[in-house]
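Below, each chain spelled out in residue letters.
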Amino acid sequence: MSGGLLWVAGALLLWHLRGSINFVDRDDGIITLAHAKSLVQSGSISVGAFGDRVAGFSAPLHFMVGVVYFLLGGSSYQLLGRALGFLCLIGIGATTGALVGEELQTERAPIRWAALVAVAGLQLGSWSFFGWQFSGMENPIGALLLIVIMWRWDRVNASLPSAVWLGVMLGLLSIVRLDTITLAAPLTAVIVIESLMRREERSLRHVGALALPACLISLTAVTLWYLYFGSVGSTTIANRSRDAAATLDLLGIAALGVAGWLATLWAVHRMSRQTPGRNRAATGGGVLLAGCAMLIAAAALSVRVGDGRVGGLVMTAMWSVGVIWTAGAVVSGWSLPAARPKRLAAYTTVAVWVPCYALILGPSRIHPARVVSMAVPVLSLATVVVVAKLIGNRLERAGETPRSTAVRVRATLTASGLAVLTLLIVARESSLPADESFSKTFYLGWVIAPRDTILLQTARQTVGQVDQRLIPIVANPDLGRVAFRHEAQVVDLGKIGDPLLLRVLLEPNTKLRAAISKRYFFDIMPPDTWMLTEPWSCTYRSIRRDPRFDATYRRIDTDTTDSPDGDLTQAGTCSDGQTLLDNGVYTLRNPAARADLQLASDLVSERILPDDDFFSACRRNAPVECFTRMRAYRRAFPGAGPADEITDQLAGLGSSPAGRLARALITSPNNPQWADEAFDALVALERSEPG
């Protein structure tokens, strides 16, 4: 427990010293919690008041924690983010302390305490780890699970309950994010291989006890995800996916690299039994370096085959989380038996995962170290343990012989080199000037308050001119806080919370994409209020420059220039150097002229009823009137329940493209395939019209 107290004390000090530049309340974490809050409050996993099903998050375990929190009466994402950050940090510190004690149990007490302080310094001194730990995202959960798995690593054969417990941890790690299966699977494989290689009678039973919960948790989560959303992915994954051919090439290259690494582990294991002691270190180190060379070659080749930025981003991630210094420790651990940690295979697996993650899946959104930063506690522990063993086991050997003198010199150089490299990296991570430190918040997310308040207030005031009871529609790229408040239907310009818009903007046919984009923004889901900031005002400049935009909307003065991702002023140009920025908040010039608002008000007041005649325009395939009535119904009656109440009317919309699209949107809270059906209908509608 001393480790937990040391970690929290250091974190509180850093929190105080960093002040306003702490990485808190990042947008993606709030987006995940907005989905959880929507499920608890409205029964639909959504980010908008209409209740459209959307998988706009990629952290299932964080989502589950959020659901429990809101079921227990929680309401603040700030409180949950701080609580997870500090509680998980206590667990990380306590577990790290236990691991240091186990790995260095034969060393003197001063060495163990020095090692504990050194690991704490590396972890808390890492800007990547400390920042993401308190970002309000899934990172603290992943970091805690990973370090706990390291702690329980060698207990798989101790008893069946121990094996089951470790399997549960691996299963939970696999659903920290949709892509952390890439770490949980190789860790499970290495544990199974190590266990079976002991050739004990009970090993097979214990392997089964480990694998069953690990696989069951992962498969259950994937199955539920598929049944609810109709796919095993999320909009965040689709938003970052690369060209399919390049991705397949990268998968093949990464598979070769991983195969080489597994072969290296096997070769080192065999040589540790068969090679004479004098040559064992040199031979094992040579084989390990050959395996690492295969991975480096794979990384270099991937840059030529796939995205040219991958190589640089992989190196950024490796530098940020400490793989550079850990590589030296891993090689030393394999080469020098007396410096070898008990869990060296586990540490090596985590170190190799960091570059492979970006090679296989592409760089993380926002910053290359965002996901892999959860490996910092394990990597820092591995480095310090190896250095401590070099100092304790090698420098204090009894007796002086020429061989022991050579070992002393080699160990001293190795330990000194690792220490200097570590200090240089920590200095780079921790000793940044305040202005440069603050600029890093851009890479961790977006500081959007008070813009979300301005946007929602403007939208409510605009729609309220017709009827205060109606749901406004807003267009905004920073989804989190707007979605969390659940007061409006969000047309997410960042595409994460709007799967139909995502499909529209991923359409490869340029001419078709331009046509259906304008139909979407002006006919199907026209916002009442827009908020455009850089770079989004440039991304959507074709919509902004359409004559209908200025005819429908007016720019209002918000008197704010906040947020490092582009303020609301109009100064500057887009990346082409010519197009002027159109940043700002835009709202309807004349809300009373919007037909769907008037119809929605009549529906709420029961002056008209949503009977068969209400949707007759959809049966006639009259798109503009059909979509107007679809929006009116959704504004008046949002959520899953109202869609169930007009089943007969929806069935009568017919097979026309407009009717199919309206039906898909109205049933979106209950239909996993709604976005695909709506997109197909939209394309069919566009192609059915002349010109």
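The present account deals with the structure reproduced in this document. None of the values given here were measured: they were computed from a predicted structure. (Residues numbered from 1 in each chain as written. Predicted model: local features only at pLDDT ≥ 70, side-chain atom pairs only at ≥ 80, totals over all residues. Heavy atoms only, no water.)

## Describing the state of the cysteines
Moving on, step 1. If you walk through the whole model with that rule in mind, you get one disulfide.
Moving on, step 2. The disulfide that involves Cys 618 links it to Cys 626, with 2.1 Å between the sulfurs. Handedness of the Cys 618-Cys 626 disulfide follows from its S-S torsion of about 95°: it is right-handed. Each of the two residues, Cys 618 as well as Cys 626, counts as buried. (Disulfide = S-S within 2.5 Å. Buried < 20%, exposed > 50% of the residue type's maximum accessible area, 1.4 Å probe, protein only.)

## Here's the deal with unusual backbone geometry
Moving on, step 1. Of note, the phi angle at His 486 is positive, near 55°, even though the residue is not glycine.
Moving on, step 2. Note that His 486 resides in the loop between helix 22 (479-485) and strand 2 (489-492).
Moving on, step 3. We classify His 486 as partly exposed; its relative accessible area is 21%.
Moving on, step 4. Despite not being glycine, Glu 606 has its phi angle at roughly 65°, a positive value.
Moving on, step 5. Within the element layout of this structure, Glu 606 appears in the loop between helix 28 (595-604) and helix 29 (616-619).
Moving on, step 6. Classification of Glu 606 by relative accessible area gives exposed; the value is 64%. (Helix = DSSP H or I, 4+ residues; strand = E, 2+ residues; numbered from the N terminus.)

## Points about the sheet that holds strand 3 (residues 529-532)
Moving on, step 1. An order of 2-1-3-5-4 is seen for the five strands of this open sheet, with the pairing classed as mixed. Edge positions in the sheet fall to strand 2 and strand 4 (553-556), since each has one partner strand and no second. Each strand axis lies, on average, 25° off the axis of its neighbour in the sheet, ignoring direction.
Moving on, step 2. In this sheet, strand 5 (residues 584-588) lies alongside strand 3 in antiparallel orientation, the contact comprising four bridges. For Leu 532, the partnering residue across the bridge sits in strand 5 and is Gly 584. (Pairing = 2+ DSSP bridges. Axes fitted to C-alpha atoms, helices over the stretch in contact; angles between N-to-C directions.)

## Quick look at the packing of helix 4 (residues 77-103) against helix 7 (residues 139-152)
Moving on, step 1. At a closest axis distance of 9 Å, the pairing of helix 4 and helix 7 adopts a crossing angle of 20°. When the axis of helix 4 is compared with that of helix 7, the two are roughly parallel. Our pair here, helix 4 against helix 7, has a crossing hand that is left-handed. Facing Leu 84, Gly 85, Cys 88, Gly 91, Ile 92, Thr 95, Thr 96, Ala 98, Leu 99 and Glu 102 of helix 4, the residues of helix 7 in contact are Pro 140, Ile 141, Ala 143, Leu 144, Ile 147, Val 148, Met 150 and Trp 151.
Moving on, step 2. Residue composition of the contact of helix 4 with helix 7, by class: 13 nonpolar, four polar and one charged. (Parallel < 35°, antiparallel > 145°, perpendicular 65-115°, else oblique. Left-handed = near helix turned anticlockwise from the far one by under 90°. Contact = heavy atoms within 4.5 Å. Nonpolar A, V, L, I, M, F, W, Y, C, P; charged D, E, K, R; others polar.)

## Thoughts on the side chain of Ser 38
Moving on, step 1. Note that Ser 38 resides in helix 2 (residues 27-42).
Moving on, step 2. Separated by 2.6 Å, the side chain of Ser 38 and the backbone oxygen of Ser 44 make a polar contact.
Moving on, step 3. If near-sequence neighbours (up to four positions away) are discounted, Ser 38 is found in contact with Gly 43, Ser 44, Ile 45, Ser 46 and His 486. (Polar contact = N/O pair within 3.5 Å; in protein donor to acceptor, adjacent residues only side chain to side chain.)

## Some remarks on the pattern of salt bridges
Moving on, step 1. This structure, assessed with the given rule, holds 25 salt bridges.
Moving on, step 2. Among the ionic pairs, Arg 370 bridges to Asp 28, the shortest N-O distance being 2.9 Å. Of this pair, Arg 370 sits in the loop between helix 16 (344-361) and helix 17 (376-394) while Asp 28 sits in helix 2, and the two are 342 residues apart along the sequence.
Moving on, step 3. What makes Asp 28 buried here is its relative accessible area of 9%.
Moving on, step 4. Arg 635 serves as the salt-bridge partner of Asp 596, at 2.8 Å between the closest nitrogen and oxygen. With a gap of 39 residues between them, Asp 596 in helix 28 and Arg 635 in helix 30 (residues 623-636) connect regions that are remote in the sequence. One exposure class covers both Asp 596 and Arg 635, and it is buried.
Moving on, step 5. Sharing partners across several salt bridges, the network here consists of Glu 102, Glu 103, Asp 154, Arg 155 and Arg 343. (Salt bridge = Lys/Arg side-chain N within 4 Å of Asp/Glu carboxyl O.)

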